[in-house]
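Chain and residue survey
What follows is each chain in one-letter form.
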Amino acid sequence: MLRVEGVVGGYGSVQILNGATLNVGEGRIVALLGGNGTGKSTLLKSISGLVKPWRGSITFNGERIDGLRPDLIVRRGLVQVTQGKDAYPAMTVEENLRLGAFVVRDRARIARALERVYGYFPILEQKRKQLSGTLSGGQLQMLCIGRGLMSEPRMIMLDEPSAALAPQVVLDIFRTIARIARDGMTVLMVEQNVRMALLLASYAYVIRDGVIHIEGPADALIHDDNVRLSYLGGTVASSDAGLSLH
Amino acid sequence: MSYFIDLVIVGLSIGMVYALVAIGISLIYSGLDILHFAHGEIYMLGAFIGLMVFHNLGLDYTMTLIVAMVLTGLVGVLIERLFYRRLTQAGGGYTVAGMGMIISGFGMSIVLQNVAYLIWGPKAVPFPVPFGMPIEIGDLSLPPSYIWIVCAGLVLMGSLHLFLKHTRLGLAVRAVAHNKDIAYLMGINVPLMISLIFGIGCALGAAAGVLVGPINYVQVLMGLGVIIKAFAAAVVGGFGSLPGAVLGGLLVGVAESLGAGYVSGSYKDIYAFLLLILVLMVKPSGLLGVEARVKA
C-alpha cells in the first residue's frame, strides 16, 4: 500500500535520511524503530509531506505522493497522527475531532466517524465538551489517534504513541491500535518502545543513521541478537510472554 | 456629567477604530507570525477605496463599507501572495524569519503611501456622509456618526467571533493560527487559510478606515498615527489575543478622549502611551494576554 524507495532528505542543508526504503502492505501493522536522532521522525514527515524529500520516491496506492502538499496527501487517505501534545489545547475534544474531519464535507459521514472514534475511546465521549488542554497525557494521545481516524483514512501513521505515558496506559492504547487494525486499518508506527512495538506489529524496520539497518518479521526481530542487545537491553523479560495485545 | 459621558462616547468610537485595526494586526500576527507594520496603510487604502466606491458606484454608506472591505481584503491577499509569501517561504515556512519581515513591512508601508499619493494626491478629502442632526437624549447630544462607528464595529466583531467559533472554516483558521504543521496534517490547505487570514485582517483595517472617514479627513498619511495607537492597543490588551485587541482599543480611545477633555488636547497622543506604560508595569503580558508564548 505504501512504498518508500531510497528517500534522501533533511532540513535545510542538514541531510538526515540517506536512502531509506520500506514497504507497508495493506491491513498490516508495521513498526519503524530507532533511537533519538536516527531519522525516524524525518522519514514520517517526508511521507506525510511536511518535509519534502530531496531524492527517492514515495508511492501510496500506486500513486506518487512525494512532493505533494500535506493536505493533499491527507485527502488521498494517508494520515499522520500527531503526538498527544499536539492536540489543540484551546479547542474542545469534539472540536479537535471535527478538525480531523476537515476534508470531509458529508455530515452523515462525520457523524459516523465520530461515533466510531467514541466507540474506540469512550472516555473522549464523556469529555467531548471539555477543552483538550484539561485532558491527561493518555487521553490526549487517544484524542490524537481519534482525530487521525476522523477523515476515515485508508492508512494511519503513528508518531510514538507511547511517548511519556505510564505502562498501563500504553497497554490500553496499544490494545486499541490492534483493534483499529483488526477493523481493516493499515498502520505504520514509529516507536522508541521497541518491546511493545514488536509485540504489536507483524513486521518491523530498524532505522539508523538515516537508512534501514535491520528489517524482518516482528517475532523474528524480538529474538534477533542485534536487536536484543541494542534495543531490548539484552533479554526479553519473561513477563512479556504473557502479554497479549491481539 | 454629560461632558464626561460625551467624552466617553467619543472615546469609545475612536477606540472602536483602533480596535478594528488592532484585531487585524493580532489576527495577522497569529496567522502569519509577522508584525504587519504596513497595516496603517491598509487602513488608509481602505478609506480611499471606500471614497471611490461611494462616489463612483452611488452606493449607500453601509454598502460602501462592505464593498470597500471586500476590495481591500482582495488587495491584501494580492500583497500577501506576491510579496510576504516569498519572504516567509525563504525563511522556512511561516516563522519569524528575523528582521526580513519587519523591514519589508516598513517597506510595504512606504510603497503603499506613495502609490496612494500617485492615485489620489496629497489632499485631505472629506467623506461626505449626510448623517443628519445630533440625537438629543436628555442633555446629551450624540453625533450619529459616533454611534454608527460603535454599532458597525460591534457588528463586525460579532461576525468575526461567530465565524471563528462556529464555522468549519473558522475552526481551520484557528488551527492554522495555533500550529501550521498540525493544521496541514488535518488536511487543511494552509497557504489558502493564510491568505484568508491576511485578507480578513485587511478587510477589518479597511472597515476602520471607512468608519473614521466621516469624523476625520481621508488622507495619505492617516495610517501613521493609527498604526501606533493600534499597536499600543494590542499590547495593552495582550498581544495576539482578539478580545484583548478589542479591550485595548477601547481603553486607548477612552483614555485619549478623557485626557484631551480634562487635561490638555495638545498632548492627545501621549495618553495612549501613558496607559500602555501603566499596564505594562502592572501586567507585562497585557490585560488579557497569557504568559509569553514561544513560537516554534
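Remember, predicted model here, so these are calculated numbers, not experimental data.

All names here are of chain B. Taken together, the side chains of Met1, Tyr3, Phe4, Ile5, Tyr262 and Val263 define a hydrophobic patch exposed on the protein surface, amounting to about 650 Å² of accessible area. Tracing the sequence through the fold places isoleucine 5 in helix 1 (residues 2-32). Looking at isoleucine 5, the relative accessible area reads 30%, which means it is partly exposed.

Note on helix geometry: an α-helix contains 3.6 residues per turn, so any two residues three or four positions apart are oriented the same way. Residue and element names in this part refer to chain B. The end-to-end C-alpha distance of helix 1, which contains 31 residues, comes to 44 Å, matching closely the 45 Å that a straight helix rising 1.5 Å per residue would cover. The buried fraction of helix 1 is high, at 23 of 31 residues. Phi for aspartate 33, located one or two positions after helix 1, is positive at around 60°.

Following the criterion strictly, the structure yields 15 salt bridges over all chains and no others. Of the charged contacts in the structure, one is a salt bridge between lysine 40 of chain A and glutamate 160 of chain A, with a shortest N-O distance of 3.3 Å. With lysine 40 of chain A in helix 1 (residues 40-48) and glutamate 160 of chain A in the loop between strand 7 (155-159) and helix 7 (167-182), this residue pair connects regions lying 120 residues apart in the sequence. Note on accessibility: lysine 40 of chain A and glutamate 160 of chain A belong to one class, buried. Taken together, the shared-partner salt bridges in this structure form one network comprising Lys229, Glu256, Lys268 and Asp269 of chain B.

Counting from both sides, the interface comprises 24 residues of chain A and, opposite them, 19 residues of chain B. Roughly 1900 Å² of surface becomes buried between chain A and chain B when both sides are summed, with 66% attributable to carbon and sulfur atoms. Summed over the shared surface of chain A and chain B, the result is one salt bridge. At the level of elements, helix 2 (70-75), strand 6 (78-81) and helix 3 (93-100) of chain A are the ones that each hand at least two residues to the side of chain A that touches chain B. Within the side of chain A that touches chain B, the residues separate by chemical class into twelve nonpolar, four polar and eight charged.

Parameters at a glance
Residue positions are given per chain, counting from 1 as you read along its sequence in written order. A letter from A marks each chain and a number from 1 marks each ligand, given out in the order of writing. Per-residue local features of the predicted model are confined to residues with pLDDT of at least 70, and side-chain atom pairs are confined, for both listing and counting, to 80 or more; whole-chain, interface and lining totals are unaffected and use all residues. With hydrogens and water stripped out, all remaining heavy atoms of the structure feed into the side-chain values. Patch construction takes residues with relative accessible area above 30% that form no salt bridge. Like charges are linked within 9 Å, and nonpolar side chains (Val, Leu, Ile, Met, Phe, Trp, Tyr) are linked within 5 Å. Computed by Shrake-Rupley with a 1.4 Å probe, the accessible areas treat only the displayed protein chains as cover when residues are assessed. Criterion for a salt bridge: a side-chain nitrogen of Lys or Arg within 4 Å of a carboxyl oxygen of Asp or Glu. The secondary structure listing takes helices from DSSP runs of H or I that are at least 4 residues long and strands from runs of E that are at least 2 residues long, numbered from the N terminus. Summary of the burial criterion: residues with accessible area below 20% of their type's maximum are buried, those above 50% are exposed, and those between are partly exposed, where the area comes from a 1.4 Å probe applied to protein chains only. A helix is expected to span 1.5 Å for every residue after the first. Pairs of residues are marked as contacts when any of their non-hydrogen atoms sit within 4.5 Å. The term buried area means the drop in 1.4 Å probe accessible area that two parts suffer when joined, counted for both and summed. In this classification, the charged set is Asp, Glu, Lys and Arg, the nonpolar set is Ala, Val, Leu, Ile, Met, Phe, Trp, Tyr, Cys and Pro, and all remaining amino acids, among them Gly, are polar.

That is the geometry; function is a separate question.
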